[in-house]
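Fold and contact review
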Amino acid sequence: MTSTLDLSFAPQPTKPAFPMLAFAFASGDDKKPPILSESAIQADAACGGAITQAIKDTEFKASAGSSLTVRCADGAVVIIGAGKAFTPGKEAEDIGGHITAALAKNSLIKATLMIDSDDAAIISGIGLGAVLAAYKFSHYFTKGDKAKPKQRKLTITSPLGRKALTAFKAEKELAEGVFLARDLVYEPANMLYPESFAKRCKMLENECGLKVEVLDEKAMKKEGMDLLLSVGQGSTKKSQMVIMRWDGGKKGEKPLALIGKGVCFDTGGISIKPAGGMEDMKWDMGGAAAVTGAMRSIAGRKLKRNVIGLIGLVENMPDGNATRPGDVVKSMSGQTVEIINTDAEGRLVLADVLTYTLRHFEPEKMVNLATLTGAIIVSLGKEHAGLFSNDDDLSGAITAAGLDTGEKAWRMPLGKDYDDLLKSHIADMKNIGGRWAGSITAACFLERFVEGVPWAHIDIAGMAWADKSRPTVPSGGTGYGVRLLTRFVENGA
Ligand code: BES
Ligand code: MN
Ligand code: ZN
């Protein structure tokens, strides 16, 4: 799916074009009325002062996210509260999200947003927020409004006119990546399984110029990726690994590797999960979705960096052929793992993909994303992803990219005392620690496979799916990670 909003850009009209939207700013003083923008003043004049009158009659204070609808003879005017002022980036994007909400609330199919600023970053940021907020996944509805969500048209007029489109084009490429990740997360596991996911990735060759290679089980067996294969062996669906390459940097520049957990469904395997809420485990491939979406955005924006995206795609099922608790499996790295709990499967998949990345690509740094542990949701809720890293600079750069984009991550500790909890009586390690610090022991497990290369692990179990909407992120699949990773690269990863 894509956005239900069609955006276009045009020069500022000489007189207000109805139905229209324009900004008002909070005065900052409860006793003083909001300050109307230039365009809102024009609209007010065209409406015989109906806007100033409506402001007097209501409690409208122009706080960010509020709106006031005034019906004039020529058509409706929606005044969008913009707070005291807003800056490019997250604030402008959120205002864009509020605009999309206001269009829906007022049932406007077609409207003009008059912006008085000539700042391309502000205009394109509002556009990006509006488009992101208008995302809907309606694929499987067959009846009524849900099957055919209203497509709305918004024309943004500003002193930049059509030139604003140039700045918006890069934002559009970003949104395409976010939408791809959201779509993948939404798809149910009978539709999106390792092979169909890999096919979708293959399409990116034509869509945006990535080079895409798919490894099947035979190829992975040859590489010695038994740990990844041990997760998928209980499923009738064949495991896959996808390698996406974007050669935007100089020849010979060591690549940045982005690695994603792609468990297309996680039943827990023989250590089976309880039935309640198990349907959520269709989005246990959120890390792979984020990496795929980020590769789409990075290629779309033609960023000047060599980036490789690797995703391990499996389905974790109970079966006569499934891995048993207590089984010992050799990883591609040569280290052996005693699988105590088959529900701690994501780390097994990632371990082999990390080793594959090291052996085949000599990465400068590696960042992996995974819906890895329920424990990270206990720690950080749904506000921050958990960030684990063996490198302070890398960790700082990811934290900063998170703050820039609103996809926040909070650093968590690693260390020997946690790592010791993985000791096994029979193999090099167990796949789980004890009862406590579950997200940290999971990260320690991964660290055993990075061979000292700068690495970060982002546990997005709390972020891939949202129960409540935010201004630019509707509830459901969020696409978390696409914007974070794209910005991380743009900031000079
Ligand atoms: N995919 C889950 C983690 C998860 C939980 C993601 C909730 C999103 C929402 C992961 O594979 C898992 O099952 N982890 C176990 C680890 C445990 C067995 C050590 C968990 O978190 O309970
Ligand atoms: Mn699991
Ligand atoms: Zn899982």
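All of the points below concern the structure found in this document. (Residues numbered from 1 in each chain as written. Chains lettered and ligands numbered in written order. Predicted model: local features only at pLDDT ≥ 70, side-chain atom pairs only at ≥ 80, totals over all residues. Heavy atoms only, no water.)

**Digging into the nonpolar core**
Judged by nonpolar contacts, the single largest core of 90 residues is most densely connected at Phe 23, Leu 154, Phe 197, Leu 258, Val 367 and Ile 458. With 11 residues, the single largest contributor to this core is helix H6 (residues 164-186). For this core, the two domains that each supply at least three residues are domain 1 (5-158) and domain 2 (172-490). Non-local contacts of Phe 23, meaning those with residues more than four positions away in its chain, are made with Leu 36, Ser 37, Ala 40, Ile 79, Ile 80, Ala 82, Phe 86, Ile 95, Ile 99, Leu 113, Ile 115 and Ile 126. Formed by 49 residues, the second largest nonpolar core is a distinct cluster that contains Leu 380, Leu 422, Ala 442 and Ala 461. (Core = buried A, V, L, I, M, F, W, Y, C linked by side-chain atoms within 4.5 Å. Buried < 20%, exposed > 50% of the residue type's maximum accessible area, 1.4 Å probe, protein only. Helix = DSSP H or I, 4+ residues; strand = E, 2+ residues; numbered from the N terminus. Domains from an automatic or database assignment. Contact = heavy atoms within 4.5 Å.)

**Remarks on the sheet that holds strand S12 (residues 327-330)**
Strand order in the open sheet formed by 3 strands is S12-S13-S17, with mixed pairing between adjacent strands. In the strand order of this sheet, the two ends are held by S12 and strand S17 (429-430), each with one partner. Across 4 bridges, the pairing between S12 and strand S13 (residues 336-339) is antiparallel. Bridged to Asp 327 within S13 is Ile 339. (Pairing = 2+ DSSP bridges.)

**Let's talk about empty space enclosed by the protein**
Think of a ball as big as a water molecule: rolled over the atoms, this probe shows where empty space is left. Scanning the model with the defined rule gives 1 cavity of 30 Å³ or more in all. Put simply, the largest cavity is a space of about 90 Å³. Counted by class, the lining of the largest cavity contains 6 nonpolar, 7 polar and 1 charged residues. (1 Å grid on protein atoms, 1.4 Å probe; cavity = no way out; pocket = protein on both sides within 12 Å on 5 of 7 lines; lining within 4 Å. Points joined across faces, edges and corners; volume = space filled by probe spheres on them. Nonpolar A, V, L, I, M, F, W, Y, C, P; charged D, E, K, R; others polar.)

**Some remarks on the packing of helix H4 (residues 120-133) against H6**
Where H4 meets H6, the closest approach of the two axes is 9 Å, and the angle between their N-to-C directions is 30°. Classified by the interaxial angle, the pair formed by H4 and H6 is roughly parallel. Crossing of H4 over H6 shows right-handed handedness. Across the interface between the two elements, Ala 120, Ile 123, Ser 124, Gly 125, Gly 127, Leu 128, Val 131 and Leu 132 of H4 pack against Ala 164, Ala 167, Phe 168, Glu 171, Leu 174, Ala 175, Val 178, Phe 179 and Arg 182 of H6. Here the residues of the contact of H4 with H6 are counted per class, giving 12 nonpolar, 3 polar and 2 charged. (Axes fitted to C-alpha atoms, helices over the stretch in contact; angles between N-to-C directions. Parallel < 35°, antiparallel > 145°, perpendicular 65-115°, else oblique. Left-handed = near helix turned anticlockwise from the far one by under 90°.)

**Quick word on the coordination of the zinc ion (ligand 3)**
Donor atoms from the polypeptide that bind the zinc ion (ligand 3) are Lys 261 (NZ), Asp 266 (OD), Asp 284 (OD) and Glu 345 (OE), placed at 2.0 to 2.4 Å. Given 6 donor atoms and angles of 78 to 174° at the metal, the environment of the zinc ion (ligand 3) is assigned as octahedral. Going along the chain, you hit the donors of the zinc ion (ligand 3) in the pattern K-x4-D-x17-D-x60-E. Separating the zinc ion (ligand 3) and the manganese ion (ligand 2) is a distance of 3.1 Å, and Asp 266 donates to both of them. (Donors = N, O, S within 2.8 Å, 3.2 Å for Na, K, Ca; no water. Tetrahedral: all angles 85-135°; square planar, octahedral: opposite > 155°, others 65-115°.)

**Points about helix H3 (residues 90-105)**
Between its first and last C-alpha, H3 extends 22 Å over 16 residues, near the 22 Å set by a 1.5 Å rise per residue. What H3 keeps buried is the set Ala 92, Glu 93, Asp 94, Ile 95, Gly 96, Gly 97, Ile 99, Thr 100, Ala 102 and Leu 103. Directly after H3, the chain includes Ser 107, whose backbone phi takes a positive value near 55°. (Expected span 1.5 Å × (residues − 1).)

**Some points on the site of ligand 1**
The local shell around ligand 1 holds 16 residues, among which Lys 273, Asp 284, Asp 343, Glu 345 and Gly 374 are the closest. Here Gly 374 contributes a backbone N or O atom positioned 2.7 Å from an oxygen atom of ligand 1. Contact with the protein chains hides 77% of the accessible area of ligand 1, taken as 510 Å² for the molecule alone. Tallied by class, the residues present in the shell around ligand 1 amount to 6 nonpolar, 4 polar and 6 charged. (Near = heavy atom within 4 Å. Polar contact = N/O pair within 3.5 Å; in protein donor to acceptor, adjacent residues only side chain to side chain. Areas by Shrake-Rupley, 256 points an atom, 1.4 Å probe, with all protein chains shown as cover.)

**A word on helix H17 (residues 482-490)**
Across the 9 residues of H17, 7 count as buried, placing the element largely inside the fold. Among the residues of H17, those classed as buried are Val 482, Arg 483, Leu 484, Leu 485, Thr 486, Phe 488 and Val 489. Looking one or two residues beyond H17, the residue adopting positive phi is Gly 492, at roughly 105°.

**Quick notes on the coordination of the manganese ion (ligand 2)**
Distances from the manganese ion (ligand 2) to its protein donors, Asp 266 (OD), Asp 343 (O), Asp 343 (OD) and Glu 345 (OE), fall within 2.1 to 2.2 Å. All donors of the manganese ion (ligand 2) belong to a single chain; written as a sequence motif, their spacing is D-x76-D-x1-E. When its relative accessible area of 24% is taken as the criterion, Asp 343 is described as partly exposed.

**Observations concerning the environment of Pro 325**
Note that Pro 325 resides in the loop between strand S11 (306-316) and S12. Considered as a pair, Pro 325 and Ile 270 are 55 residues apart in the sequence and their alpha carbons are 7.4 Å apart. In this structure Pro 325 touches Ile 270, Ser 271, Ile 339, Ile 340 and Thr 342, once residues within four positions along its chain are discounted.

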